[in-house]
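# What the coordinates show
Chain residues, written in single-letter form:
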Amino acid sequence: MNKHYAGINMSTNNEPMTISEKIFSKAAGKTVKAGEFVLADIDRAMTHDITGPLAVEGFYEIMRDKEEKKVWDPSKIVILFDHQVPADSLNAAQNHIMLRKFAKEQGIINYDVYEGVCHQVMPEKGHVKPGDLVVGSDSHTCAYGSLGAFSTGIGSTDMAAVFASGKLWFKVPETIRFEVEGKLPEHVYSKDIILHLIGDVGAEGARYKAAEYAGSAIEALSMSERMTISNMAIEMGGKAGIIEADKTTEAYLKERIPDYEFDPYWKSDEGAECELHKYDISNLEPQVACPHNVDNVKPVTEVEGTKVDQIFVGSCTNGRFEDIEVVAKMMGDEPVAKDVRLLIIPASRTEYMKVLRAGYIEQFMEAGAMVESPCCGPCMGGSFGLLGDGEVGLATSNRNFKGREGSPQSFVYLSSPATAAASALTGEITDPRKI
Ligand SMILES: CC(C)[C@H](C(=O)O)[C@@H](O)C(=O)O
Ligand code: SF4
């Protein structure tokens, strides 16, 4: 079969290619292999309220001698406010003003403080599709790999260059492929799969590689569950975290991109070169990442009984309706345990409204939880909901580094929403299979 993209003839008869090689070939305008350096055309660029200001500054620096200071293509850039929203400091408010002005002047799509976390809003609003090369000035941009895109985090100065030129240099990454077979046991979720994989290969296990997730266990996952897996590719050092598009992806995209047509080309060819890791998750236990590293992963049975002060259900990793529904169903009419704070933050306005319509917000408020409007919240310790000295937090987010959620003297454990819910009922880390 021969495929033509942007005038380049990319043969799939000859050497088998990985999906990353295919995407970079399209982006570079010639057939390229892993290890090659390419100047690639960017399909979509995302920035937010933390890294955006520096990108804008850098952009004007690059353009200082130009009369017309226009970005390369405003329709391909998205600016979102999510880390410090609603503005939690004067500094944040000033940053929002500056970015709003820049977006308006340039004609760039701008989601304001009420819309939600970047990595939820980008796919939700149809800004990503299979085969795209996407960059974002945020490390968890790898999340959109769940849609079959090559999507990766870059720094603010690189983003400035993208704003100016629409291009960026890359080394085409090699591929590390995780083939995950089996059926998830009850109360075990995609978060447990990705924590298990990270614990197995370690925080550097996929360094500068394109992680690919495949196999029957991955194929069975919903889009929301797939996003959790791709989101955490960076926690194993991955440059991207790709799941090939299939019927599930197609259904998700058809709702969001009216002219979207499924293209079977965007997958790794059989026999394409990769480092292969195989798993069977049929007997996987719920997993917990323990302080202070994401790869310090243990089965929940090894840490159950650990007292917690705060439980945070949210973030771009596990803040969707499906995640919050797991919590609502597991808690039923039970109250949050005494001496524990349960903080629930849906990842976007859309997800929030689904939670609202399902009646779960009332249920959580009755139970003594707090439900906040969509944002990153305490996920990276920059906003509200922080942990104090000596406090222990359990979170459905993606990082637990020292001080991540507040005090450097606090401790953060990471788990699935089910484990978080079970723990909210008891006040200590609890195996959801026992509730
Ligand atoms: C603020 C941003 C640069 C950061 C990131 O890159 O990931 C944040 O989103 C995080 O999760 O730590
Ligand atoms: S929710 Fe957390 S991980 Fe996701 S973008 Fe915000 S701070 Fe980063």
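Predicted model, so just to flag it, every value in this text is computed and none were measured.

### Here we look at the sheet that holds strand S5 (residues 77-80)
Taken together, five strands build an open sheet; the order of strands is S6-S5-S4-S7-S8 and the sheet is parallel. Where the open sheet ends on each side, the last strands, each with one partner, are strand S6 (109-111) and strand S8 (150-153). Neighbour to neighbour, the strand axes of the sheet diverge by 20° on average, direction disregarded. Inspection of the sheet shows strand S4 (residues 44-48) paired to strand S7 (residues 133-136) by three bridges, in the parallel sense. Within S7, the residue paired with methionine 46 across the bridge is glycine 136.

### Some remarks on the UniProt feature "binding site: [4Fe-4S] cluster" (unreviewed entry) in the chain
According to UniProt, the positions carrying the feature "binding site: [4Fe-4S] cluster" (unreviewed entry) are Cys316, Cys376 and Cys379. Their sequence span is 64 residues, while the largest C-alpha to C-alpha distance among them is just 9.3 Å; these annotated residues converge on one region. Mapping cysteine 376 onto the fold places it in the loop between strand S18 (370-371) and strand S19 (392-395). Note on cysteine 376: 29 C-beta atoms within 10 Å, which makes it buried. Discounting residues that sit within four places of it in the chain, cysteine 376 has contacts with Asp82, His83, Val117, Ser315 and Ser383. Setting aside anything within four residues of it in sequence, one finds cysteine 379 in contact with Ser315 and Ser397.

### Examining the pairing of strand S16 (residues 310-314)
When you tally the buried positions in S16, you get five out of five residues, the bulk of the element. Burial along S16 is two-sided: Gln310, Phe312 and Gly314 and Ile311 and Val313, pointing in opposite directions, are all buried. Here S16 pairs with strand S17 (residues 341-345) via five bridges, running parallel. Among the inter-strand pairings, glycine 314 is bridged to a residue of S17, identified as isoleucine 345. Alignment of S16 against S19, held across three bridges, turns out to be parallel. Note that in S19 the partner of glutamine 310 across the bridge is glycine 393.

Cut-offs applied
Residues numbered from 1 in each chain as written. Chains lettered and ligands numbered in written order. Predicted model: local features only at pLDDT ≥ 70, side-chain atom pairs only at ≥ 80, totals over all residues. Pairing = 2+ DSSP bridges. Helix = DSSP H or I, 4+ residues; strand = E, 2+ residues; numbered from the N terminus. Axes fitted to C-alpha atoms, helices over the stretch in contact; angles between N-to-C directions. UniProt positions renumbered as here; feature names shortened; annotations may be inferred. Buried ≥ 20, exposed ≤ 12 C-beta atoms within 10 Å, placed from the backbone. Contact = placed C-beta atoms within 7 Å.

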